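So you can see what is in the structure, the chains are spelled out below.
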Amino acid sequence: MAEVALRQVVKKFGDVEAVRSIDLDIPDNEFVVLVGPSGCGKSTTLRMIAGLEEVTSGDICIGGEVVNDLPPKDRDIAMVFQNYALYPHMTAFENMSFGLKLRKFSKSEIRQRVEHAARILDITELLDRRPKALSGGQRQRVAMGRAIVRNPKVFLFDEPLSNLDAKLRVQMRTEIKRVHQKVKTTTVYVTHDQVEAMTLADRVVVMNKGIIEQIGTPQELYHRPRTRFVAGFIGSPAMNFIPCQLEQNGANMRVRVSDSISLPVQPQRANRYQSFVGKPVTLGLRPEHITEPRQNGQGDGSDFAVTLDVVEPLGMETMVFFTLNGTEVCGRVEPSSAADAGATMQLHANVDHMHLIDPASGAVI
Amino acid sequence: MTSVALSVPKAAGAPRQASLKRNRRWALITSYIFLVIFAIFFLMPPYYMIVTSLKSDAEVAHMATNPWIIANGITLDQFKILFTQTDFLIFFKNTAIVTVAVVVITMVVSVLAAFSLGRMRFWGSSILATGIFLTYLVPDTLLFIPLFQIVKAIGLLNSYWGMVLVYPTLTVPFCTWIMIGYFQSIPKELDEAALIDGAGHMQMLLRIFIPVALPGIIAATIFAFTVSWAAFVYPMAFLYSADQQVLTVGTVTSLIRADVYKWGMLMAGALVAAAPPLVIYAFLMDYYIAGLTSGATKG
């Protein structure tokens, strides 16, 4: 068990800078998820920690030791790959014990460790099967078992659930969380799926174009995103971004969304937004914060009427889509209160949760 | 409503299904016709060999009898004489030694070469890989002239050990080419997993790549075996004593004297010479096909 630290780490492939001087501190036993779209540098970062990619500049430290020049086998890490990377000619037992054999562990120690890991992962009956005879989920468990038996300082997961179907992915997600609770080890997990990131992580690292956009707990990222990218990436369905203008009428500050709709700004935010009055800004509001009007509405002017373009019933809730200021906006309402497509519906914007974004810098104001 | 709605696609589907069945039947009939024609065409020579090898010299020479049937009874005389009164068994032994040695050398060289060219990316590796394949395109009828000088210079002219030296020029390039393709089709995560598990490059090759690439290795082995078992030009050019000769050239030179063809023994010799490759193909055919077609489709 150990902490992992990245110091101004850069990775270039020829002229292309895949990772641009990132700094990251992962304390002992923490579960950190690197999340971001394809090509954001998250897998490259993980591979540099594993020693599968050389660092162009900067330092990677594991347990306080700089490991830039150490080969993967000497870094005391274990990795679970997207396509499992199980040795097809070996049984599950042999796959899990291969690393221990190479490290000259005794047969009894190997058996003990493999059986212990198999019990944790509930794969004891599968140990004499080859990967071909295992389902996707079982293969992933064996791959995790191969990592667990090594008892490494750091676990690395490279999109381990991407090859599984949706139902199994949810099951395995819970399984990974359960295993981490049992086998407390520093874990770095890469995924492009923000739901996976939110559900698994102690802290999430959102990456974009080779840089770290924000590091924080799932709740921090959801409620207090620092950039438009993070605000749009975290949360499903994604946050609505509506071009608007900030207006000041005496002591009241309002966000003008269209000729007929303007939303109030909370007084405690007025100071923060002051320098943007009269300027175009982007309103960020999650679908779950656009709902049917509250029963005990305070009449603060945050209700508005729109004509619905599309209505998507999901059972426990209904998604409503409408156009505001030329932008498609999504709201989340009670199924019983949803109007039909083409009809006018009264909606309420929960302005406590709104974000205003500077369109020039993309930063949340 | 429901029954009406369901009956519509059923009625529309029936003639289509019948048409599909008819199409399939015709495709099968046509396939079988051509398969039978092909089978007859390719089985004719082996059948003729077997029939002739089981006839006596007198019956073979008798022009009036039907060459496709054995009229005067089966005899194993051709085989007895071949094994006892000719150098056939020496040729067989020499061929076996040369072939085993060539197969071993070829597989060691091409597996190592293919592993480094296919997996360990280094500057110029793809050009080198193409270059290796290009050397295979140079025909042995052209190569034997400079090779003659080389074999002579190292004192292996008229020695079957010379064949062990020159046959790999035919087998190594193609086997390396097959193995490069095979090694490249193995996901890169497998060697990364092995690296993290603590394997060095040699352990990775021996414990992961060779077992995983076994179908490809068997395909390459069969190819090397067939080429060295059936090679004709090089032994024809480099070997001239009977005690050093191999099957292909030895059988022909010892059983054809001027215009005298010992057809019965020639056929018996050809039959015995064809047996080892036949047996190997029969047992390893599935691996051979899997090896040659790997990577053609998504596994």
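Residues numbered from 1 in each chain as written. Chains lettered and ligands numbered in written order. Predicted model: local features only at pLDDT ≥ 70, side-chain atom pairs only at ≥ 80, totals over all residues.

Peer 1: Help me out: how do you make sense of the overall build of chain A in this one?
Peer 2: Helix and strand counts for chain A come out as 9 helices and 20 strands. Across chain A, contacts joining residues at least 24 apart in sequence account for 67% of those joining residues at least 6 apart. (Helix = DSSP H or I, 4+ residues; strand = E, 2+ residues; numbered from the N terminus. Contact = placed C-beta atoms within 7 Å.)

Peer 1: Would you take a moment to explain the packing of helix α5 (residues 125–136) of chain B against helix α8 (residues 168–185) of chain B for this structure?
Peer 2: When two helices pack together, their arrangement is given by the angle between the helix axes and the distance between those axes. All names here are of chain B. At their nearest, the axes of α5 and α8 sit 8 Å apart, and the two run at 140° to each other. Between α5 and α8, the crossing angle belongs to the class labelled oblique. Regarding α5 and α8, the two cross each other, and that crossing is left-handed. Contacts between α5 and α8 pair A129, I132, F133, T135 and Y136 from the former with P173, F174, T176, W177 and I180 from the latter. Classifying every residue of the contact of α5 with α8 gives 8 nonpolar, 2 polar and no charged. (Axes fitted to C-alpha atoms, helices over the stretch in contact; angles between N-to-C directions. Parallel < 35°, antiparallel > 145°, perpendicular 65-115°, else oblique. Left-handed = near helix turned anticlockwise from the far one by under 90°. Nonpolar A, V, L, I, M, F, W, Y, C, P; charged D, E, K, R; others polar.)

Peer 1: Looking at this structure, I do not really get the environment of I178(B). What am I missing?
Peer 2: All names here are of chain B. Residue position: I178 is located in helix α8. Take I178: there are 21 C-beta atoms within 10 Å of it, and that puts it in the buried class. Distance in space between the C-alpha atoms of I178 and S110 is 9.1 Å, their sequence separation being 68 residues. (Buried ≥ 20, exposed ≤ 12 C-beta atoms within 10 Å, placed from the backbone.)

Peer 1: Which parts of the structure should I look at to understand the sheet that holds strand β15 (residues 290–291) of chain A?
Peer 2: Pairing between sheet strands relies on hydrogen bonds along the backbone, with the strands arranged either parallel or antiparallel. All names here are of chain A. Strand order in the open sheet formed by 5 strands is β15-β19-β16-β17-β18, and the pairing between neighbours is antiparallel. Here the strands that pair on one side only, and so sit at the sheet edges, are β15 and β18 (327–333). Here β15 pairs with strand β19 (residues 344–349) via 2 bridges, running antiparallel. Across the sheet, residue T291 finds its bridge partner in β19, namely H348. (Pairing = 2+ DSSP bridges.)

Peer 1: Sorry if this is basic, but what is going on with the nonpolar core here?
Peer 2: One recurring pattern in soluble globular proteins is that nonpolar side chains are buried together. With 165 residues, the main nonpolar core has V33(A), L156(A), V188(A) and M179(B) as its most contacted residues. Here this core gets 11 residues from one element, more than from any other, and that element is helix α4 (residues 88–119) of chain B. Each of domain 1 (4–227) and domain 2 (240–357) of chain A contributes no fewer than three residues to this core. (Core = buried A, V, L, I, M, F, W, Y, C linked by C-beta atoms within 7 Å. Domains from an automatic or database assignment.)

Peer 1: Just checking my understanding: could you explain the environment of V111(B) for this structure?
Peer 2: Residues and elements named next belong to chain B. By secondary structure assignment, the location of V111 is in helix α4. Accessibility expressed as a C-beta count within 10 Å gives 23 for V111, which makes it buried. Each C-alpha atom of the pair V111 and D140 lies 23 Å from the other, and the pair is 29 residues apart in sequence. The residues contacting V111, other than those within four sequence positions of it, are M179, I210 and I217.

Peer 1: Which parts of the structure should I look at to understand the packing of α4(B) against α8(B)?
Peer 2: All names here are of chain B. For the pair α4 and α8, interaxial distance at closest approach is 8 Å and the crossing angle is 40°. Of the possible angle classes, the one that applies to α4 and α8 is oblique. Handedness of the α4/α8 crossing: right-handed. Residues V102, I105, T106, V109, S110, V111, A113, A114, F115, L117, G118 and R119 of α4 touch α8, and the partners they reach there are P168, T171, V172, C175, T176, M179, I180, F183 and Q184.

Peer 1: It is not clear to me how the pairing of strand β2 (residues 16–26) of chain A should be interpreted in this structure. Could you clarify?
Peer 2: A regular strand places its side chains on the two faces of the sheet in alternate fashion. Residues and elements named next belong to chain A. The pairing of strand β1 (residues 4–13) with β2 spans 7 bridges and is classified as antiparallel. Among the inter-strand pairings, A5 is bridged to a residue of β2, identified as D25. Between β1 and β2, which pair antiparallel one after the other, the connecting turn spans 2 residues, and G14 there sits at a positive phi close to 65°.

Note that all results are geometric; they support no functional claim without further evidence.
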